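Structural overview
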Amino acid sequence: MSESNAPYLAIQVPMMPKDTNRHGTIFGGVLLSYLDLAGAITAQRELQLRGGNPKASFVTVAINRVEFKKPVLVGDVVRFETSVVRVGRTSMTVRIDVHAERGAETIHVTEAEGVFVGVDLSTPERKPVALFPDAS
């Protein structure tokens, strides 16, 4: 399978006061939860676009190399832009770049890579399934 490097806007979220730490910046854990969501949305979208296994639902295996480059502030509108880096037999690796829109300025605040595995949720074992079973 060839990889898709075209950026995709998976989610866009305004940062609210409830998401702040005692320093007035957004908790890293809040950004991590959105990184996870953006990566899973992208993997599912890519699977559907390529006509993959309809039984595959994605679960997170790893969020790798997270780098918090700049702080995120209340009021920032944060964009989670993604691209597929690698497609394996049962997994997909997604790059996630996070940009904060702060007024007229756009700042690259975080980057990470997530690994998502397709599993069959209709079975109690929830074992990994081939994403593209007919592909050789």
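For the structure, see preceding data.
Heads up: these notes are all about the structure in this document. Along each chain, residue indices are assigned from 1 in the same order as the chain's sequence is written. Totals for whole chains, interfaces and linings use every residue, but because this is a predicted model, local features are given only for residues with pLDDT of at least 70 and side-chain atom pairs only at 80 or more, for both listing and counting. For side-chain calculations, the full set of non-hydrogen atoms in the structure is used, while hydrogens and water are omitted.

A word on the sheet that holds strand 3 (residues 77–87)
- Taken in spatial order, the five strands line up as 1-3-4-5-2 in an open sheet, and their pairing is antiparallel. Strands with a single pairing partner mark the edges of an open sheet, and in this sheet they are strand 1 (8–14) and strand 2 (56–68). Looking at each pair of strands side by side, their axes are set apart by 25° on average, direction ignored.
- Here, a strand pair is defined by DSSP locating no fewer than two bridges between the strands. In DSSP terms, a helix is any run of H or I states spanning at least four residues, a strand is any run of E spanning at least two, and both are numbered starting from the N terminus. Inspection of the sheet shows strand 3 paired to strand 4 (residues 91–102) by ten bridges, in the antiparallel sense. Paired with Val78 across the bridge in strand 4 is Ala100.
- Residue contacts are counted whenever heavy atoms from the two residues lie within 4.5 Å of one another. Axes here refer to lines fitted to C-alpha atoms; in helices the fit is confined to the stretch in contact. Angles between the N-to-C directions go from 0 to 180 degrees. Running over the sheet, helix 1 (residues 28–49) touches strand 1, strand 2, strand 3, strand 4 and strand 5 (105–120) and is turned about 135° from strand 2.

Details of the pattern of salt bridges
- A side-chain nitrogen of Lys or Arg and a carboxyl oxygen of Asp or Glu constitute a salt bridge if their distance falls within 4 Å. Throughout the structure, instances matching the rule amount to ten salt bridges.
- In this structure, Lys69 engages Glu67 in a salt bridge whose closest nitrogen and oxygen atoms are separated by 3.6 Å.
- Residue Arg79 is joined to Glu81 by a salt bridge in which the shortest nitrogen-to-oxygen separation is 2.9 Å.
- Accessibility expressed as a relative area gives 15% for Arg79, which makes it buried.
- Under the relative-accessibility criterion, Glu81 is labelled partly exposed at 22%.
- Each of Glu67, Lys69, Arg95, Asp97 and Glu111 takes part in salt bridges that share partners, so that together they form one network. Buried, partly exposed and exposed residues are distinguished by accessible area as a fraction of the type maximum, computed with a 1.4 Å probe on protein chains only: under 20%, between the cut-offs, and over 50%, respectively.

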